[in-house]
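For reference, the chains in residue letters:
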Amino acid sequence: MKEIGSIFPLYSEDIALKGIQPTNEQRSDIRINYSLCREAMYAVAKKYEKSNKIVLIPAYTCQTVIDPFVQQGWKCFYYNIRKDLRIDTVDLIKLYKDVGPTMIVVHPFYGMELEQEEIDALTTIKLKGCVLMEDITQCIYTTNRHSIFAYVTGSYRKWFKIPDGGFVESHYLDGVEIPKENNSEFVSKQTDAMYLRGKYFNTGDEELKNISIRLNKDAVAGTGKTISLHKMSNFSLMIMDKENKDTSMMRRLENYRHLFLNINSGKVKSVCSNIDDVTTSPLYFPIYVRDRACLQRRLAQDNVYAPILWPVNTDDVLINDNIKEIYSTILMIPIDQRYNVSDMSRIVKIINDYE
């Protein structure tokens, strides 16, 4: 049965692109590409090392957003995110007044671009001199570039069949360190893992799948150590050159819409109450489910691998019961461009039949 989820595969025709010079460049006047998004954040934070080094981060976030600041000695405070994954603007403004941060990090979540209430609150804070960074990793196709954000960061790697790729965009790149070296070990392990995953899909050899999983975990584990700056590989840039981004974007939106309109299990709740909340292509289809581990296992029995975003590695993010509930009940359904509505119908049946 076709697998849904997990890492992207690479095939022989993809590997043949190695060594070819991409048309995309590593940097432009307003963009620098890095191997990983956390490196882009690290480079921005490093620019402000003479500030008070206080940052506000959404309480619902990934450890990779926290680590760039912690590793440079910043003090991190976490502001509340509501169950609909919108900023609790009252809490944000209060926390800003209490701690006086140099910087605030903002996530638009899973295809939900920022609402006017959020923009208004952030504008008020920006006018007081705070530096705002928007991480669009979960909304990579958004064309909105709100002028209140001094920096926009994101991870390409979550969206395409590439071993690495992240970026920062800004009109204030002076002082942001430009990477010079490749992330050779990470890219090599990820490329091998993705290629073996492709070979597994072609052959059905479970041992290739197991090796692929081990390589992927090993590569990711290595990035959890001390962050250093690397440029995005030319191989990843070349793969992205070949990507039909319009098709990928529309496929994700179609898949999201199908799940939203057809999942009707009483045990599952969509994070979005209104489909119009999703205004750009989303990374995943997020749901809340009380018995999450049970549903995750049931999906895996049918080769659907739904990840938990994110595991809690820093208890400091658990600022209230609301945030604890988000972390303990949220589950991501894969909807990326590898899949179609037929695949989504299979997921719908599993969830709707789940008891």
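Provided above is the structure to which this section pertains.
First, a word on what this report is: a plain description of the structure on this page. This is a predicted model, so every value here is computed, not measured.

### Concerning the sheet that holds strand 3 (residues 54-58)
So, point 1. One open sheet holds the 7 strands; their spatial order is 2-8-7-6-5-3-4, and the pairing between them is mixed. The sheet is open, and its two borders are formed by strand 2 (31-34) and strand 4 (75-79), each paired with just one other strand. Taken pair by pair, the neighbouring strands of this sheet meet at an average axis angle of 20 degrees, ignoring direction.
So, point 2. In this sheet, strand 7 (residues 151-155) lies alongside strand 6 (residues 131-135) in parallel orientation, the contact comprising 3 bridges. Looking across to strand 7, one finds that Met133 is bridged to Tyr151.
So, point 3. Of the strands in this sheet, strand 2, strand 5 (103-106), strand 6, strand 7 and strand 8 (166-169) are in contact with helix 2 (residues 37-47), which crosses strand 7 at around 155 degrees.

### Observations regarding the packing of helix 4 (residues 89-99) against helix 5 (residues 116-126)
So, point 1. Two elements in contact, helix 4 and helix 5, have axes whose closest approach is 10 Å; the angle formed by their N-to-C orientations is 10 degrees. The orientation of helix 4 with respect to helix 5, classified from their angle, is roughly parallel. Judged by residue contacts, Thr89, Leu92, Ile93 and Tyr96 of helix 4 engage Glu117, Glu118, Ala121, Leu122 and Ile125 from helix 5.
So, point 2. Looking at side-chain class alone, the contact of helix 4 with helix 5 contains 6 nonpolar, 1 polar and 2 charged residues.

### Notes on the environment of Asp192
So, point 1. Examined against the element boundaries, Asp192 turns out to sit in helix 6 (residues 184-203).
So, point 2. By relative accessible area, which is 37% here, Asp192 ends up partly exposed.
So, point 3. Separated by 72 residues in the primary sequence, Asp192 and Asn264 place their C-alpha atoms 39 Å from one another.

Rules of the game
- Residues numbered from 1 in each chain as written.
- Predicted model: local features only at pLDDT ≥ 70, side-chain atom pairs only at ≥ 80, totals over all residues.
- Heavy atoms only, no water.
- Pairing = 2+ DSSP bridges.
- Helix = DSSP H or I, 4+ residues; strand = E, 2+ residues; numbered from the N terminus.
- Axes fitted to C-alpha atoms, helices over the stretch in contact; angles between N-to-C directions.
- Contact = heavy atoms within 4.5 Å.
- Parallel < 35°, antiparallel > 145°, perpendicular 65-115°, else oblique.
- Nonpolar A, V, L, I, M, F, W, Y, C, P; charged D, E, K, R; others polar.
- Buried < 20%, exposed > 50% of the residue type's maximum accessible area, 1.4 Å probe, protein only.

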